[in-house]
Amino acid sequence: MINRRAQVFSGEFLLAYFIFMVVLILCVLLWYNTTRDLTEAESYRIMEERSVDAAEQLVKTSGIPGNWNTSNIESVGLVNESRILSSEKIVGFVTLFDNSQYDGLCNDISLSNYMCNRYLLGLGGYDFYYLITNLNGSNLTIGGVFPATGKAPQNQTRLLSVTRNALLDGEIVKTALTVWYTSAEEFM
């Protein structure tokens with residue numbers, strides 16, 4: 001007679017091993033997806049926070065110094081009084097962040113004005129595009145300059161626009177700061 005207490009049926013062992021591996025693989029996939037989703041959500045939250053701060057900074061502060069120009073700027077602001085835009089500062093802002101190559105605003109000739117100065121908005125590594133239009137969305141010019149600057153979104157992973165209303169020469173205008181990035185992992 002054979003003693004069956006010490007024997008294991010190999011089919012049962014293989015079935016248990018297969019079930020264990022399926023559960024393990026599902027746990028790893030769930031962990032990966034959850035981690036990726038959390039990374040993207042955190043990156044978007046940071047982008048949103050920085051975007052709102054930058055949009056508010058532009059329409060509420062005069063910058064540092066208050067009468068900044070392209071050679072002495074530490075922090076950018078487009079107003080002399082909260083929510084009342086300055087035409088001179090807007091023209092300077094457009095020049096400061098245009099995507100043209102080096103023209104004396106930056107110490108590195110390999111960088112565009114945009115790449116050299118974008119840290120002034122406090123957006124970190126996020127790209128941005130800034131546009132001022134009439135309240136109805138139609139284009140306007142300020143001092144002979146189209147009030148748009150930065151880098152238009154291209155191949156973006158995420159995009160966020162923050163709009164604010166302000167006064168310019170007694171008329172209500174709409175300012176739009178569009179912030180975007182191409183990969184969430186760059187900012188984590």
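**Structural notes on the overall build of the protein**
Helices and strands together make up the secondary structure of the protein, namely three helices and eight strands. When the elements of the protein are put in sequence order from the N terminus, they spell out α-β-β-β-β-α-α-β-β-β-β. Here the protein holds 188 residues, and 35% of them are scored as buried. Sequence separation of at least 24 residues holds for 52% of the intrachain contacts in the protein that already meet a minimum separation of 6. Surface exposure of the protein reaches about 11400 Å², of which carbon and sulfur atoms provide 57%.

**Quick notes on the nonpolar core**
Ranked by internal contacts, the top residues of the largest apolar core, which has 35 residues, are Leu78, Leu85, Ile90, Phe93, Leu121, Phe128 and Tyr130. The greatest single-element share of this core, amounting to six residues, is contributed by helix H1 (residues 10-60). In contact with leucine 78, other than residues within four places in its own chain, are Leu58, Thr61, Trp68, Ile84, Leu85, Ser86, Lys89, Ile90, Phe93 and Tyr130.

**Concerning the environment of alanine 148**
In this structure, alanine 148 sits in strand S6 (residues 148-150). Assessed through its relative accessible area of 14%, alanine 148 is described here as buried. Along the chain, alanine 148 and phenylalanine 97 lie 51 residues apart, while their C-alpha atoms are 9.3 Å from each other. Here alanine 148 is in contact with Val94, Tyr129, Tyr130 and Leu131, once residues within four sequence places are set aside.

**Some words on the packing of aromatic side chains**
For the structure shown, the criterion picks out five aromatic pairs. Considering the side-chain rings of phenylalanine 93 and tyrosine 130, the 5.3 Å spacing of their centres and the 85° angle between planes classify their relative orientation as edge-to-face. Of the two residues, phenylalanine 93 is situated in helix H2 (residues 87-96) and tyrosine 130 in strand S5 (residues 127-134); the sequence distance between them amounts to 37 residues. Note on tyrosine 114 and phenylalanine 128: the rings are 5.3 Å apart at their centroids and 40° apart in plane angle, and the pair reads as tilted. Pair noted here: tyrosine 114 is in helix H3 (residues 113-117) and phenylalanine 128 is in strand S5, with a separation of 14 residues, a long-range link. Grouping residues by exposure puts tyrosine 114 and phenylalanine 128 together as buried. Following the ring pairs from residue to residue traces out a cluster consisting of Phe93, Phe97, Tyr114, Phe128 and Tyr130. Over the aromatic face of tyrosine 44 sits the side chain of arginine 158, whose NZ or CZ is 5.1 Å from the ring centroid.

**Examining the pairing of S5**
As judged from the eight bridges shared by S5 and strand S8 (residues 171-181), these two strands associate in the antiparallel manner. Across the sheet, residue phenylalanine 128 finds its bridge partner in S8, namely valine 179. By the bridge criterion, three bridges tie S5 to S6 in an arrangement that is antiparallel. Bridge pairing links tyrosine 130 to threonine 149 in S6.

The rules behind each value
- Residues numbered from 1 in each chain as written.
- Predicted model: local features only at pLDDT ≥ 70, side-chain atom pairs only at ≥ 80, totals over all residues.
- Heavy atoms only, no water.
- Helix = DSSP H or I, 4+ residues; strand = E, 2+ residues; numbered from the N terminus.
- Buried < 20%, exposed > 50% of the residue type's maximum accessible area, 1.4 Å probe, protein only.
- Contact = heavy atoms within 4.5 Å.
- Areas by Shrake-Rupley, 256 points an atom, 1.4 Å probe, with all protein chains shown as cover.
- Core = buried A, V, L, I, M, F, W, Y, C linked by side-chain atoms within 4.5 Å.
- Phe/Tyr/Trp six-rings, centres within 6.5 Å; stacked < 30°, edge-to-face > 60°.
- Lys NZ or Arg CZ within 6 Å of the ring centre and 35° of its normal.
- Pairing = 2+ DSSP bridges.

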